Amino acid sequence: MGRKRQKTVQLMLAFPEEGRGEAPRASGEGTERPGARRPSESPASGERLMEEVCEPRNVKRALKRVCRNRGSPGVDGMTVEELPGFLQEHWPIIREQLLGSTYRPQPVKRAEIRKPGGGVRKLGIPTVLDRFIQQAVMQVLQGHWDRTFSEHSYGFRPGRSAHQAVAQAQEYIAQGYRWVVDIDLEKFFDRVNHDVLMGRVAKRVGDKRVLKVIRAYLNAGVMENGLVSATDEGTPQGGPLSPLLSNLLLDDLDRELERRGHRFVRYADDCNIYVRSERAGTRVMGSISDFLTKKLKLKVNQAKSAVARPGKRKLLGFSFTGGKEPRRRIAPEALRRCKARIRELTRQRRGVSVEQMVEELSRYLRGWWGYFGYCETPTVPQRLDSWIRRRLRCVAWRQWKRGRRRFRQLRARDVGKDLAARTAGSAHGPWRISRSPALSFALPSVFFCRLGLPSLGPSRGRLTGRTAVYGPVRTVV
């Protein structure tokens, strides 16, 4: 607790109080209630928007968020830990540059990550200083803009989540809209037209200093292999401002779909429209693709877009069962990715103990289940639960290596002498042995629970009265 308080004091010292003004809050207050009438475009406050950005309360909040998000250094090598001290010394100059419209952001650093479905996603990592300024700008703009966005938009908005988008889609399907128009925008963040985007921003922002700094971020360039190249399109993924700008641009799509009376959900650049027939879906796919191309200068990925039954497509990692009452289920592709990651963490030749393997696996599973626990098909996570424990038993069996050692380990875990001897001398491979009665008794589910392995599904494997039967956890050696 002492270190946290010390860090908070450092954040406070970086910005002395300069006034009593308070920037608009971007928390749940800016979220439109379902069914509320959506305001038309309302420009952010006229000529003093940059003063709101630089207001002490707003910049302290921005600094706290950037420090909490951490992240890699940009092209200048400054780390998040160094940012508060840097601002404490240089913030007055940076503030004057922002207010005087002379601030110039640095290029973003190119980074690439693998996409789950293949290929790579290009990221642009701003410097921590630029991330801080973008965060401060985003907080103010979001406070002004968020209430004007569609109630069907769920991505990167306060008080809204992917789970809400999935639940709304499920409701549409239950109402009889059993065909989905799944629209995939090809390299959306890389192909945003700067002029189209800035035209939308200019309709809402009257402060030319804010317009200039946003344009500067869009044109800052990208450093790759030591060389800086200019950027004339796209909003680099990696900065706090990009998601808000993407929501602003795609707000035109939301308005068009609302005008036509469609049932839809959109999360960032993922948009699903629900219709009653395949014929209607085909017609909607063609007309919306034309709208995106002509009005927003965006390209629809024809190979990944489709008109299909909701159970054949995925939405934010989920899919749906058939029948009159559709249920949320984990999409097969998401399940395959999960299993691939588990195989990587439990591969046989990593050279780590079962205890360490469980510790690493637990961190991954807690995050994964925290999201996919929203599913309504319990048999899938239960089968996955059983498969994970079987893999861990297989790892332990391999680590015991020889028959004598395997016999001793089984006997030490109260397996009967005859059963332990037959199992240790078996010619079957580790995967077959991993589901044998002897190994299931020696390394039960409770054993892995005590090591900290979370259970997937309702109450499976919790430490109950059954725990006392097995006594203390014995290390797998």
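**Let's talk about the overall build of the protein**
Phase 1: A count of helices and strands for the protein gives 19 helices and 10 strands.
Phase 2: Within the protein, residue pairs in contact and separated by at least 24 positions form 74% of the contacts whose partners lie at least 6 positions apart.
Phase 3: As displayed, the protein has an accessible area near 24,100 Å², and 49% of this comes from carbon and sulfur atoms.

**Brief notes about the pairing of strand β6 (residues 263-267)**
Phase 1: Bridge count for β6 against strand β7 (residues 270-275) is 5 bridges, and the pairing is antiparallel. Residue pairing across strands places Val265 opposite Asn272, the latter belonging to β7.
Phase 2: Following β6, the chain reverses through 2 residues before pairing antiparallel with β7; Ala268 in that reversal takes a positive phi of roughly 55°.

**Concerning the confidence of the model for the protein**
Phase 1: Taken over all residues, the pLDDT of the protein has a mean of 86, while the share at 70 or more is 85%.
Phase 2: Considering each helix and strand of the protein separately, the mean pLDDT is smallest for helix α1 (residues 2-13), with a value of 50, and largest for helix α6 (residues 162-174), with 97.
Phase 3: Counting interchain partners and residues more than four positions distant, the pLDDT-below-50 stretch residues 18-36 has 43 contacts.

**Things to note about the sheet that holds strand β3 (residues 179-184)**
Phase 1: With antiparallel pairing, the 4 strands of this open sheet are ordered in space as β6-β7-β3-β8. Two strands close off the open sheet at either side, each with one partner strand: β6 and β8 (306-308). The sheet shows a mean angle of 15° between the axes of neighbouring strands, direction not considered.
Phase 2: Two strands pair when backbone bridges link them, and β3 and β8 are joined in this way by 3 bridges, in the antiparallel orientation. Pairing of Val181 across the sheet is with Val307, part of β8.
Phase 3: Strands β6 and β7 of the sheet are contacted by helix α10 (residues 241-260), whose axis makes an angle of about 175° with β6.
Phase 4: Across the sheet, helix α11 (residues 278-295) touches β3, β7 and β8, and the angle it forms with β3 is around 20°.

**Side note on the sheet that holds strand β2 (residues 120-125)**
Phase 1: Spatially, 4 strands are ordered β2-β1-β4-β5 in an open sheet, and the strand pairing comes out mixed. The strands lining the two open edges of the sheet, one partner per strand, are β2 and β5 (227-229). Direction aside, the axes of adjacent strands within the sheet are offset by 40° on average.

**So, a positive patch on the surface**
Phase 1: A surface patch of positive charge is lined by Arg61, Lys64, Arg65 and Arg68.
Phase 2: Take Arg68: it is sitting in helix α3 (residues 56-69).

**Digging into α6**
Spacing of three or four residues puts side chains on the same side of an α-helix, whose turn is 3.6 residues.
Phase 1: Between the first and last C-alpha of α6 there are 19 Å, a value that for 13 residues agrees with the 18 Å anticipated at 1.5 Å per step.
Phase 2: Downstream of α6 by a residue or two, Gly176 has a phi angle that is positive, lying close to 110°.

**Considerations on the packing of helix α4 (residues 83-99) against helix α5 (residues 128-145)**
Phase 1: Where α4 meets α5, the closest approach of the two axes is 12 Å, and the angle between their N-to-C directions is 60°. Here α4 lies oblique to α5, going by the angle between them. The two elements α4 and α5 cross, and the hand of that crossing is right-handed. Contacts between α4 and α5 involve Leu83, Phe86, Leu87, Trp91, Ile94 and Leu98 from the first element and Val128, Leu129, Phe132 and Ile133 from the second.
Phase 2: Residue classes in the contact of α4 with α5 are distributed as 10 nonpolar, no polar and no charged.

**What to know about the packing of aromatic side chains**
Phase 1: The tally for this structure, following the rule as stated, stands at 12 aromatic pairs.
Phase 2: Judged by centre distance (5.4 Å) and plane angle (50°), the ring pair of Phe318 and Tyr371 falls under tilted. With Phe318 in strand β9 (residues 318-320) and Tyr371 in helix α13 (residues 354-372), this residue pair connects regions lying 53 residues apart in the sequence.
Phase 3: Owing to a relative accessible area of 25%, Tyr371 belongs among the partly exposed residues under this scheme.
Phase 4: On the basis of an interplanar angle of 85° and a centroid distance of 6.2 Å, the ring pair of Phe318 and Tyr374 is categorised as edge-to-face. Of this pair, Phe318 sits in strand β9 while Tyr374 sits in the loop between α13 and α14 (379-400); the two residues are 56 residues apart in sequence, bridging distant segments of the chain.
Phase 5: One cation-aromatic arrangement involves Arg160 over Tyr154; the distance from NZ or CZ to the ring centre is 5.2 Å.

**With respect to the side chain of Ser305**
Phase 1: Note on placement: Ser305 falls in the loop between α11 and β8.
Phase 2: In this structure the side chain of Ser305 is engaged in a polar contact, spanning 2.8 Å, whose partner is the backbone nitrogen of Asp184.

**Brief notes about unusual backbone geometry**
Phase 1: In this model, Ser101 sits at a positive phi of 60°, which is unusual for a non-glycine residue.
Phase 2: Relative to the helices and strands, Ser101 is located in the loop between α4 and β1 (108-114).
Phase 3: Despite not being glycine, Ala268 shows a phi value in the positive range, around 55°.
Phase 4: Residue placement: Ala268 occurs in the loop between β6 and β7.
Phase 5: Ala268 sits in the buried class, given a relative accessible area of 5%.

Criteria and cut-off values
Residues numbered from 1 in each chain as written. Predicted model: local features only at pLDDT ≥ 70, side-chain atom pairs only at ≥ 80, totals over all residues. Heavy atoms only, no water. Helix = DSSP H or I, 4+ residues; strand = E, 2+ residues; numbered from the N terminus. Contact = heavy atoms within 4.5 Å. Areas by Shrake-Rupley, 256 points an atom, 1.4 Å probe, with all protein chains shown as cover. Pairing = 2+ DSSP bridges. pLDDT = per-residue confidence, 0-100. Axes fitted to C-alpha atoms, helices over the stretch in contact; angles between N-to-C directions. Patch = residues over 30% accessible without salt bridge, like charges linked within 9 Å, V, L, I, M, F, W, Y side chains within 5 Å. Salt bridge = Lys/Arg side-chain N within 4 Å of Asp/Glu carboxyl O. Lys, Arg positive; Asp, Glu negative; His and termini not counted. Charge placed at Lys NZ, Arg CZ, Asp CG, Glu CD. Expected span 1.5 Å × (residues − 1). Parallel < 35°, antiparallel > 145°, perpendicular 65-115°, else oblique. Left-handed = near helix turned anticlockwise from the far one by under 90°. Nonpolar A, V, L, I, M, F, W, Y, C, P; charged D, E, K, R; others polar. Phe/Tyr/Trp six-rings, centres within 6.5 Å; stacked < 30°, edge-to-face > 60°. Buried < 20%, exposed > 50% of the residue type's maximum accessible area, 1.4 Å probe, protein only. Lys NZ or Arg CZ within 6 Å of the ring centre and 35° of its normal. Polar contact = N/O pair within 3.5 Å; in protein donor to acceptor, adjacent residues only side chain to side chain.

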